[in-house]
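For reference, the chains in residue letters:
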Amino acid sequence: MAQEAGITDPALDGIAEDLADPELAPDRRAQLALTMARAGRAEDRAVLASLSGEGAHGMAYDLARALLAPNPANVERADSGYRFVAGEDVLYVEDPVAAHFHAKGRWGPPLRPDPRGPSRLARGDASTLIDAAGEGECVIVTLRHEDARTPAVRVLRAGITRDASLRSIVRWPAITGLGRLGEGVAYEQGGVPHALGVPDDLSSEELLALLGGVRARALPSSH
């Protein structure tokens, strides 16, 4: 359970294949569905939507589907995990990693983007910003772009995004490299570098430290 916050995308792809196995035991199917849901991958919504069952297993699938939302309906952050309410029925799921974050008033695992959660501008000591991102806060990095309409980047443990509503993020497991691109900073995904830009209130090295405080790997020198 404690390893779920860092589960990789290939592992989640394997779980999707396992869930498609009609011979999979219901208890194991429910366990894998919740593991997939806790990882928070939007593309897994269709997989979870295909699951059906009766009783506690059916409620577990409903809970898994609900957990993909930033603030899930019918789900409460219980002291020891999750409390899911469906009409008059209640399902409790013990999850010590989630309980750790729930005690801080945050959803977990993983630390998910929450548009209504705390955020701070990326100014001052980079180590303080790394700690804030590690605790689930959004760190807003303003960047210098020729296009003034380009929004700031939000950095958090669950990923990075240019979307102010945090509907679309780049998950850390999908990032294979971080590094300099010209004067600015870029991340690599699928072998392709994507420029973030030049930060306003941090040096490029400090922005890399902020990103690398969660996942660090240099971009290939050819970039």
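Predicted, not measured: the structure shown is a model, and the values here were computed from it.

1. A few points about the nonpolar core
- The biggest cluster of nonpolar side chains holds 28 residues, and the ones touching the most others in it are Leu 48, Leu 63 and Val 75.
- At the level of secondary structure, the elements contributing two or more residues to this core comprise helix H1 (9-19), helix H2 (26-39), helix H4 (55-67), strand E2 (81-86) and strand E3 (89-94).

2. Describing the pairing of strand E10 (residues 177-181)
- The pairing of E10 with strand E11 (residues 184-189) spans 5 bridges and is antiparallel. Within E11, the position partnered with Arg 180 by the bridge is Val 185.

3. Description of the confidence of the model for the protein chain
- In the predicted model, the protein chain carries a mean pLDDT of 79, and the fraction of residues at 70 or more is 78%.
- Here strand E9 (residues 170-171) is the element of the protein chain with the lowest mean pLDDT, 72, and helix H3 (residues 45-49) is the one with the highest, 93.

4. Here we look at H4
- Taking 1.5 Å per residue as the helical rise, H4 with its 13 residues ought to reach 18 Å, and the 18 Å between its terminal C-alpha atoms agrees with that figure.
- Along H4, the residues classified as buried are Gly 58, Met 59, Ala 60, Tyr 61, Leu 63, Ala 64, Ala 66 and Leu 67.
- Turning to H4, the residues buried within the fold contact H2, H3, strand E1 (75-78), E2 and E3.

5. A word on helix H7 (residues 204-212)
- Where H7 is concerned, the buried positions are Ser 204, Leu 207, Leu 208, Leu 210 and Leu 211. Burial along H7 is one-sided: seen end-on, the buried residues are contained in an arc of 155°.

Procedures and definitions
In this convention, every chain numbers its residues from 1, walking through the sequence in written order. Reporting of local features is limited, given that this is a predicted model, to residues whose pLDDT is at least 70; pairs of side-chain atoms are given and counted only at 80 or more, and all residues count toward the totals for whole chains, interfaces and linings. Calculation of side-chain values draws on the structure's entire complement of heavy atoms; hydrogens and water are dropped beforehand. Joining through side-chain atoms within 4.5 Å is the link that ties buried Ala, Val, Leu, Ile, Met, Phe, Trp, Tyr and Cys residues into a set, and such a set is a nonpolar core. Residue burial is assigned from relative accessible area. The probe radius is 1.4 Å, only protein chains are included, and a residue is buried under 20% of its type maximum, exposed over 50%, and partly exposed in between. Secondary structure elements follow DSSP: runs of H or I of four or more residues count as helices, runs of E of two or more count as strands, with numbering from the N terminus. Two strands make a pair as long as DSSP finds a minimum of two bridges between them. The pLDDT value tells you how sure the predictor is about a given residue, anywhere from 0 up to 100. For a helix, the expected span equals 1.5 Å multiplied by the residue count minus one. Contacts are assigned to residue pairs with any non-hydrogen atoms lying within 4.5 Å of each other. In this description, the arc belongs to the directions extending from the helix axis to the C-beta atoms.

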